[in-house]
Amino acid sequence: MDTPIRDFVRAYAESGALRLHMPGHKGQSILGAEPLDITEIGGADVLYASGGIIRRSEENAAALFGTGRTLYSAEGSSLCIRAMLYLAALYANAQGKPPRIAAGRNAHKVFATAAALLDLDVDWIWPETRESLVSCQITPRALEDYLAQAEVPPAAVYLTSPDYLGNMADIGELSRICHGHGALLLVDNAHGAYLRFLPESRHPMDLGADLCCDSAHKTLPVLTGGAYLHISPAAPAALTDWAESAMALFASTSPSYLILQSLDEANRYLAGAFRPRLAEFADALSAMKGRLAACGYVSAGSEPLKLTLDAKARGRTGIELARELENRGIVCEFSDPDFTVMMLTPENGLDALPRLESALRSVPAKAPILREVPVLAKPERRLSPRQALMAPSREVEIRRCAGKVLATPTVSCPPAVPIVVCGEVIDETAVRLMEYYGIPTCRVVDTDEIRD
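Residues numbered from 1 in each chain as written. Predicted model: local features only at pLDDT ≥ 70, side-chain atom pairs only at ≥ 80, totals over all residues. Heavy atoms only, no water.

A. Summary view of the nonpolar core. One finds F111, Y158, L220, Y228, I419 and I426 to be the most contacted residues of the largest nonpolar core, which totals 121 residues. Element by element, the count of residues in this core is highest for helix α3 (residues 76–94), at ten residues. Among all residues touching L220, those that are not within four sequence positions of it are F65, A193, Y194, Y228, L270 and F274. (Core = buried A, V, L, I, M, F, W, Y, C linked by side-chain atoms within 4.5 Å. Buried < 20%, exposed > 50% of the residue type's maximum accessible area, 1.4 Å probe, protein only. Helix = DSSP H or I, 4+ residues; strand = E, 2+ residues; numbered from the N terminus. Contact = heavy atoms within 4.5 Å.)

Shown next as structure tokens:
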């Protein structure tokens, strides 16, 4: 598979041209990557108004992922999430529907802020049970019940799959239900770009989603910030027509050509020996998970390349288990009071698995920790997300937040899943949950009642 972006940039770097354009380093090496760091000069095409090398590279990606259209992002899935919501709002307006989105409650905070900026009406779908802040497993039955009873049918349903723990939704059945009710299905697949290349694809585009985002940099050999916005060939044609302008609305006008080159080069990599390497590595990791279970480790989620351990079952918090592994030279993706999350890819190499298994076996088990995650009551909505986000706000200690209205989502990344979202009241259950997850302060809507 050809690599038009990479080839153009390398040819330009070798041409010896006097660079009287941005960026200011002029191709002179300090870090080493500068000769390949260019901007949208003649021949380099224009991201989000593409017709040359970028468009050809994106068409290569679309062929690999089986999509109707794939667009590159040099600003991660965050940009793609904003664009998906904008596209859903445009489509709703075109259909004469209110711009209402139904979303699983574990949506990334970018979803919350984008909905606020676009003034979307969000209806949250809550799971029957919630084992973690980052988990929201929506069953087909729950979605069918919600859509059948909704007073105002949503224009789109937004789900996160896989979630941070590696739980995967039944996208095939959920998409069928959405389409039966006239709703688009949008999927945050940031953690699952590789799912397309398993022996049997589990990628949302193959399972019926209309739009989805993939963070290529999370599970593929792509530089940080490289991502895809995918549009299904079965999705309404207008979504494809509007896609570039939707991305341009939120994107920088100075995209990183280093990131674009890595997305371009990834096409060749994915078209080569990646599939058999992925299958071999996923099988080896699955076997290791089985051995760990046999020696007492409890895992969560079914995502093939993620190892999520219930640390409390072994007598430690997730944070403590992650620290034990770091002391053994292993750095995890994420940890919280309950879970330790590790993201693995074939780039780790098969040799990494015995090293990880040995480290986990060397951590002695202790009596299980029985403390449960505090249960969050469904928050009262006092303001619209946009009203809250645009209101004057103030940082307040968590212990003083009960009864206040949240102005902006308060959670770090990872996992970037808000406990309470813009415009909702922070009640005592939310305070307890924030304390449980170590969140010290919140930014609340500033009113006289919170002033000292």
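From this point, the discussion proceeds with the structure in view.
B. Structural detail: unusual backbone geometry. Between M22 and P23 the backbone carries a cis peptide bond, its omega angle lying at 0 degrees. Relative to the helices and strands, P23 resides in the loop between α1 (4–14) and α2 (53–65). With an omega of 0 degrees, the peptide bond between S161 and P162 qualifies as cis. Along the chain, P162 falls in the loop between β4 (156–160) and α6 (171–180). Look at D45: it is not a glycine, yet its phi comes out positive at around 70 degrees. Judged by its relative accessible area of 13%, D45 falls in the buried class. You will see that A416, though not glycine, has its phi angle at about 65 degrees, which is positive. For A416, the location among the structural elements is in the loop between β12 (393–397) and α15 (428–436).

C. Broad picture of the sheet that holds strand β11 (residues 339–343). The four strands lie next to each other as β8-β9-β11-β10, forming an open sheet whose pairing is antiparallel. In the strand order of this sheet, the two ends are held by β8 (299–300) and β10 (334–335), each with one partner. Taken together, the five bridges between strand β9 (residues 306–310) and β11 define a ladder with antiparallel strand orientation. Bridging from a neighbouring strand, K306 pairs with M343 of β11. In the packing of helix α12 (residues 318–327) onto the sheet, the strands contacted are β9, β10 and β11, and the crossing angle to β11 comes to about 45 degrees. (Pairing = 2+ DSSP bridges. Axes fitted to C-alpha atoms, helices over the stretch in contact; angles between N-to-C directions.)

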